[in-house]
Amino acid sequence: MKITRIAEGFITAAIILVLLQTLAEDILLITPTPWSIRQIFIFTGFGFDLLFTLEFLIRGWNAFNTGKLKKYFLYENGWVDFVASVPLLMLSSAPTLINHLQGISFAGAGALIGMLKIVKAVRIARVLRLLRLLRLFQRIRFANAGMVQRHTVRIVTIIATTFIVFNMILGTLFTFFHVSDAKSTLQNEQMGFAKYITLGWGTSAVSNEMLINIALTNLSTMRIDVDGETLYMRNSEDYFRKYFGPGDYVVYELDKYTIWFDVSPLAVSSAMANLTIFLSTLAVILMILIAYSPHFAVTVSDPAIIMMKGMKEKSYNHEVKVSKNFAEDEIFQLAHLYNEEYLPMKDRNNTENLDISLNDIQDILKS
Amino acid sequence: MSISENKAAEFAERLWNNPSLQGLSPLQKEEQLHTFIQTNAAVLKPTMASKEFFPDLPWQEVQHLLMNVITSMANQDMHTLQETLLDRFISFDFIYSITDSSLSNAEFKKIISEYLKTILEKPESRREISGPLIAISVGVVDRYVSQIISRQQYVSIVLTKVQHLRIAVKQIADFIKVTMLLRPLVHYFSPNNSRIQYITSAYADKVLQESRQLLKFMPDILLESGINSLLSFQEYPHIDGISRLASIFSQRCRHLKTGIQLDKGAETSDKSWFSVARKNYRYFGFDLDMLYELQNIASDNGW
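Residues numbered from 1 in each chain as written. Chains lettered and ligands numbered in written order. Predicted model: local features only at pLDDT ≥ 70, side-chain atom pairs only at ≥ 80, totals over all residues. Heavy atoms only, no water.

Colleague: Any chance you could explain the pattern of salt bridges here in plain terms?
Modeller: A pair can form between side chains of opposite charge whenever their charged atoms are brought close. All names here are of chain B. Applying the stated criterion across every chain yields a total of 26 salt bridges over all chains. Taking the shortest distance from any N to any O, the salt bridge between K117 and E114 comes out at 3.6 Å. A residue pair is termed a helical-turn pair when its members lie 3 or 4 positions apart in one helix, as K117 and E114 do in helix α6 (residues 105-119) at three residues. Taking the relative accessible area as the measure of exposure, K117 reaches 38% and is therefore partly exposed. On the basis of relative accessible area, E114 is assigned to the partly exposed category, the value being 41%. (Salt bridge = Lys/Arg side-chain N within 4 Å of Asp/Glu carboxyl O. Helix = DSSP H or I, 4+ residues; strand = E, 2+ residues; numbered from the N terminus. Buried < 20%, exposed > 50% of the residue type's maximum accessible area, 1.4 Å probe, protein only.)

Encoded structure:
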């Protein structure tokens, strides 16, 4: 029991940390942050995803062994555990870690378009991390009545999941359609530049001076090498080393030319979208907690609790406050009957109920 | 003390301190625990026969033992409560304003103290004294009387214009308190195991005669006020206002649990009680107009 409590506490702490990491990761992408700091998150992100995948597998295995797999997956939000762990590990953190360890920057003209789409799709999958907000929310006990807790969690889960998953699905779909946006403009510029060199290479159409001039107008060109000699460099070598990691640029190699293109704006735009979704989801959860949860308590669970206590305890004589605005609700119609019929009847026959029951003295009887 | 008595005391002590009984007075606890032991005999009997409890005693004896211990515990707490009540919550000064009694305040206190001991000996009157003692100890009477007089509405008119009480607010409250304490005289002189809701005036006269023997120096006006509080207002609409209020406050505090936090979405305890009492006013013989006014007071003050 104690071990379970410690494990649950550990997982809750991990969820809080991973949410902070997700937030920090996106903020660091927007603000120029040294790669040495950002790469730490590649390892920790992988670690968290692995931890949550293991947690899901252990919970799933335990549920399977006790014949409660369906209950765990469908009714105890096992599916949230799944969606917020396994796909992230497979689609996001594991490929990112492998790329990082191999020092891969995407190369080859034919692969350029495809790789950009994959980079984008992988980034979109990171949105699923926000589902961990739900896992945290499900663990917080914010209402005395189990009914309020369950209904609020259910509503938050539906809204947040729909929001996050649809963002991911639509985002992924959009990557496979030609849509003229800021990302595609960047991509087109880089492709046009690469095409120009490919077509003009070996002819007098491309001179070194022309390349430099074009590179100066194309801000995403980081560096151009010709025969191993650096022809153009947007920033210093030290600057690139400090601020750029493997996923921030693509390398295009064609015979004597090697061109580095900056794709970090893609990550920035993706981070901004993620932050928007994250904060919007958080806002939805908070609004439901602040506005809906108390409303549900006042109009459903509180009257039910009062009536239940009135029926259980001899000396409990409190009437239910019937809200004028909701007097037609079934629960308040029931409360009206409780106030008008049950309590007077109980008062006339106040010998049957006791404040103490056998359940209250179980510890005494067992000792 | 024998081993069985020790075990019974230990068991009763744990029952007595059970959190579900928190906020109840000693007599309420006693009543609840006695009923609990009787109604749950089928479950308790085999458990009590186990070697951890009373393997050598028959259930009847165990039950008797436990109930006696509980009564002793209630008596112990009652003694302190009684002394505190008479010292701090009641003054007998009002008697000199409505009678020509020559007894001192201390003598009245002694008479009431002895009377309470007597009343507590009989289960029927013991049960009935619970409400008045709670009403006095939690200050219900004082706070309502103060509001009643300041409002100058129905109840105040009944007391001052109909009953012609020309005494201070505090004295009116003390009059009601003493009336409430004398109510159980009816139950004390009633047959054993009887449950009295209200009585007839003929019965009240008989109780009054018996009461004069028991409380020789107690003025008739007080005895009558206490005994008449058991008359139904529907049948006897001319009973005085003090008796009507004593009846309401005694019943109100009969099952009152103190110190309980108000649940969200629930009406306050007093307001709820008066509202329910209004619906049962015929059954309990209450004055409906008084209940309306008291409910308004409770509502306005958040009681």
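Colleague: Is there a simple way to think about the interface of chain A and chain B in this case?
Modeller: The parts lose accessible area when they come together, and the size of an interface is often stated as this lost area. Each side of the interface is counted separately: chain A has 31 residues, and chain B has 40 residues. With both sides pooled, the region where chain A packs onto chain B buries about 3200 Å², and carbon together with sulfur makes up 57% of that total. Of all residues in chain A, the largest losses of buried area upon contact with chain B belong to A:E319, A:I356 and A:I364, amounting jointly to 18% of the total for that side. Linking chain A with chain B are four salt bridges. Put simply, A:E340 and B:K279 hold a salt bridge, and the shortest N to O gap is 3.3 Å. Run the count over chain A and chain B and you get 16 residue pairs in polar contact (both at pLDDT 80 or more). Put simply, the parts of the chain that give the side of chain A that touches chain B at least two residues each are α12 (264-312), α13 (330-348) and α14 (362-366) of chain A. Of the residues forming the side of chain A that touches chain B, the biggest block, six residues, is contributed by α13(A). When the residues that make up the side of chain A that touches chain B are grouped by side-chain class, the tally is eleven nonpolar, eight polar and twelve charged. (Contact = heavy atoms within 4.5 Å. Buried area = accessible area lost by both parts, 1.4 Å probe. Polar contact = N/O pair within 3.5 Å; in protein donor to acceptor, adjacent residues only side chain to side chain. Nonpolar A, V, L, I, M, F, W, Y, C, P; charged D, E, K, R; others polar.)

Colleague: How do you make sense of helix α1 (residues 3-16) of chain B when you look at a structure like this?
Modeller: Since the α-helix turns once every 3.6 residues, residues separated by three or four places project in the same direction. For α1(B), with 14 residues, the first-to-last C-alpha span of 20 Å sits near the 20 Å given by 1.5 Å per residue. Among all positions of α1(B), only B:A8, B:F11, B:A12, B:L15 and B:W16 are buried. Seen from one end, α1(B) has its buried residues packed into an arc of 140 degrees, which puts them on one side. Facing away from the buried surface of α1(B) by more than 90 degrees, the exposed residues are B:I3 and B:E10. Taken together, the buried residues of α1(B) touch α14 of chain A together with α2 (26-39), α3 (41-48) and α4 (59-89) of chain B. (Expected span 1.5 Å × (residues − 1). Arc of directions from axis to C-beta.)

Colleague: Help me out: how do you make sense of unusual backbone geometry in this one?
Modeller: Comment: phi is negative for the bulk of residues other than glycine, and the bulk of peptide bonds are trans. In the Ramachandran plot, A:D227 falls in the positive-phi region, its phi being about 55 degrees despite a non-glycine side chain. The residue B:Q152 is not glycine, and still its phi comes out positive at about 55 degrees. Classification of B:Q152 as exposed rests on a relative accessible area of 52%.

Colleague: I'm lost on the packing of helix α10 (residues 169-182) of chain B against helix α13 (residues 220-228) of chain B in this one. Help?
Modeller: In a packed pair of helices, the relevant descriptors are the angle between the two axes and the axis-to-axis distance. All names here are of chain B. Packing of α10 against α13 brings their axes to within 7 Å, and their N-to-C directions diverge by 65 degrees. Here α13 runs roughly perpendicular to α10, going by the angle between their axes. Along this stretch, α10 crosses α13, giving a crossing that reads as right-handed. On the side of α10, the interface is formed by F175, V178, T179 and L182, while α13 contributes I221, L222, L223, S225 and G226. Its residues placed into classes, the contact of α10 with α13 shows six nonpolar, three polar and no charged. (Axes fitted to C-alpha atoms, helices over the stretch in contact; angles between N-to-C directions. Parallel < 35°, antiparallel > 145°, perpendicular 65-115°, else oblique. Left-handed = near helix turned anticlockwise from the far one by under 90°.)

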